[in-house]
Structures are given as C-alpha cells and as structure tokens.
Amino acid sequence: MDGAFSCLERLQPVDDPSLRPWAGLGVSLLAGAGFRRHRLVESVLERFLAVRPILSPPPWIWPEEGSHTTMPESRSAALLLGVTFDRIDLVKDGLRLLAWLIDHELRGDHFSFAPVGGRGPDGRPPEFDQQPLEATAMLDACIAARSVSGDSRWLEPAVTALEWFLGRNDAAVPLYNETTGAGHDGLTRSGVSENAGAESTISRSGPYREPPSSTGSMEAIRSASLMNAAPTARSAAP
C-alpha cells in the first residue's frame, strides 16, 4: 500500500492530462480500500474535480485543451470516482462524454482511435500510429459505463473495441499473434508494428485469458461486464 501512495505522490499536482486519469483511477481504488479520508486521496480528488468538463460547442466537446490519447481512461476515472464518492454529477458527465467519444471515434463499423500523438478538433481519421492501449481503455470505459448505469447499450461498443484487435480496424489486420499470444505495439497505415511489448500484450488480453475469437466476443464482454458490475450494484447513475 505504501507503494501505491508513493506512486500517487509522484503524480502531484496531476496537471498533465496524460497522467490525470491514472491518478483518478488510483484514488478510486484507494478510497474503496478504506483510505477515502487520506490527505493524498483528498488532494488528488480535489485536483481531478478542478478540471471538470466545461463542454465547448459541438462538434468538439472534449473539456481538455489540446489533443491527447487518454480520453477513454478519463471517462473510466470519472465514472469510478462518481460511484466511489457518490457524485452523480461525475457519473452524468462521464457517460455523456463517453457517448460523444464513441461517436467521434467510430468510423463505419470499427473504431479509428486517436494516434500516438493525440487528436484534436482538426484531426481527420484515420490517423496513425494507433495504440492497443486505446482499444483496451475504450473497452474498460464501456464496461464501467455498463456497470454504473445498468444499460446494455454499452456492450456493443465494448465488443467493437475488443474486435479492433481481431482486425476490425483501419488496416483490417489483427494485432495479436495466434501462435505466441503476443500483442503488436501499434497499428500503422501499412499494417502492424512488428514489435510486441509487454504493455501491448497485456492490452490485447482485455477480459480474455485465451486468444480471443470473434464468435466469443459478445459473451466474453457480457461476462466481464456483469462481473465488474457486482461491486457497484448500487448504481449512482440517474
């Protein structure tokens, strides 16, 4: 536990939008473990709330200035913090922005995720290199939305995010190696990166312990969603 607080301390003052979602997720977990009133937990929560969404006019309503690639993680953090601290306003904002993000990143029947350099209002998908972490973050955010709201409509984009790994993406190629189980590091305009690091392999796994198949996607998502819903049965959603 000391290590968790040490990591959270190093993230202060949580001004970097690429790190803020992870700090929010950490605070949610620590609060759930009984440290809700810890000074560091309260400090990070206060900073997270200080950058509450000020929604700009459509079509670009994301509250952060500039572009980055941590949008799905931000929504997961907002939803979990909203439930943990009984903040229905956070849950509402999280669900609204996640719905917008899904619409913004869907391209036909698949997700076209923000590239490694981020995407702002002037971005025009498809853009590359796309990272496996983004697909997993979208999957997690949709499962969190399903758990918090009880609304099954979040299952379909969760499946679409998972199937990004199976070849339902801008390059129409799978990002995992069926022989080794490893995940490729990125999706490029011409295919996949030949590198297969630990982060990408873990990201590829999603809710699976075995290499995924398209026929098993919906059932796996439903199982993961229902399993993750158990701790938040008292939904904070309106």
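Here is what the cut-offs are and how they apply
- Residues numbered from 1 in each chain as written.
- Predicted model: local features only at pLDDT ≥ 70, side-chain atom pairs only at ≥ 80, totals over all residues.
- Heavy atoms only, no water.
- Helix = DSSP H or I, 4+ residues; strand = E, 2+ residues; numbered from the N terminus.
- Contact = heavy atoms within 4.5 Å.
- Areas by Shrake-Rupley, 256 points an atom, 1.4 Å probe, with all protein chains shown as cover.
- Buried < 20%, exposed > 50% of the residue type's maximum accessible area, 1.4 Å probe, protein only.
- Core = buried A, V, L, I, M, F, W, Y, C linked by side-chain atoms within 4.5 Å.
- Axes fitted to C-alpha atoms, helices over the stretch in contact; angles between N-to-C directions.
- Parallel < 35°, antiparallel > 145°, perpendicular 65-115°, else oblique.
- Left-handed = near helix turned anticlockwise from the far one by under 90°.
- Nonpolar A, V, L, I, M, F, W, Y, C, P; charged D, E, K, R; others polar.
- Polar contact = N/O pair within 3.5 Å; in protein donor to acceptor, adjacent residues only side chain to side chain.
- Salt bridge = Lys/Arg side-chain N within 4 Å of Asp/Glu carboxyl O.
- Expected span 1.5 Å × (residues − 1).

1. So, the overall build of the chain
And step 1. Looking only at helices and strands, the chain has 9 helices and 4 strands in total.
And step 2. Contacts spanning at least 24 positions in sequence make up 62% of the contacts within the chain whose residues lie at least 6 apart.
And step 3. Of the roughly 11,500 Å² of accessible surface on the chain, a fraction of 52% belongs to carbon and sulfur atoms.

2. Here's the deal with the environment of Val83
And step 1. Summarising the element assignment, Val83 is placed in helix 4 (residues 71-84).
And step 2. By relative accessible area, which is 6% here, Val83 ends up buried.
And step 3. Spatially, the C-alpha atoms of Val83 and Val148 are 7.4 Å apart, while their sequence positions differ by 65 residues.

3. Side note on the nonpolar core
And step 1. Residues Leu79, Leu98, Ile102, Met138 and Trp164 are the most contacted members of the largest nonpolar core, which totals 32 residues.
And step 2. Put simply, the parts of the chain that give this core at least two residues each are helix 4, helix 5 (88-105), helix 6 (132-149) and helix 7 (155-163).
And step 3. A per-element tally of this core places helix 6 first, with 9 residues.
And step 4. Excluding residues within four positions of it along the chain, Ile102 makes contact with Phe111, Met138, Cys142, Trp154 and Pro157.

4. Some points on the packing of helix 2 (residues 20-35) against helix 3 (residues 39-50)
And step 1. Where helix 2 contacts helix 3, the two axes come as close as 10 Å, and the packing angle between them is 140°. With respect to their mutual orientation, helix 2 and helix 3 come out oblique. Pair helix 2 / helix 3 crosses with left-handed handedness. Residue-level contacts link Arg20, Ala23, Gly24, Val27, Leu30, Ala31 and Phe35 of helix 2 to Val41, Val44, Leu45 and Phe48 of helix 3.
And step 2. Of the residues belonging to the contact of helix 2 with helix 3, the class tally is 9 nonpolar, 1 polar and 1 charged.

5. Concerning the side chain of Ser112
And step 1. By secondary structure assignment, the location of Ser112 is in the loop between strand 2 (110-111) and helix 6.
And step 2. A distance of 2.5 Å separates the side chain of Ser112 from the side chain of Asp170, its partner in a polar contact.
And step 3. What Ser112 contacts, discounting residues up to four positions off in sequence, is Glu105, Arg107, Arg119, Pro125, Pro126, Glu127, Gln130 and Asp170.

6. Examining the pattern of salt bridges
And step 1. Inspection of the entire model under this criterion finds 8 salt bridges.
And step 2. Ionic pairing is found between Asp151 and Arg153, a salt bridge with its closest N-O pair at 3.1 Å.
And step 3. Each of Glu105, Arg119 and Glu127 takes part in salt bridges that share partners, so that together they form one network.

7. Notes on unusual backbone geometry
And step 1. With an omega of 5°, the peptide bond running from Pro125 to Pro126 counts as cis.
And step 2. The peptide bond linking Phe128 to Asp129 adopts the cis configuration, its omega dihedral lying at 0°.
And step 3. When you line up the elements, Asp129 lands in the loop between strand 2 and helix 6.
And step 4. At Asp86, a residue that is not glycine, the phi angle is positive and equals roughly 55°.
And step 5. Inspection of the secondary structure puts Asp86 in the loop between helix 4 and helix 5.

8. A word on helix 6
And step 1. In a regular helix each residue adds 1.5 Å, so 18 residues correspond to 26 Å; helix 6 covers 26 Å between its end C-alpha atoms and thus fits that length.
And step 2. Within helix 6, 15 of the 18 residues are buried, which leaves it mostly tucked inside the rest of the structure.
And step 3. The positive-phi residue at the C-terminal boundary of helix 6 is Gly150, with phi of around 75°.

9. Side note on helix 7
And step 1. Within helix 7, 8 of the 9 residues are buried, which leaves it mostly tucked inside the rest of the structure.
And step 2. All of the buried residues along helix 7 are Leu155, Pro157, Ala158, Val159, Thr160, Ala161, Leu162 and Glu163.

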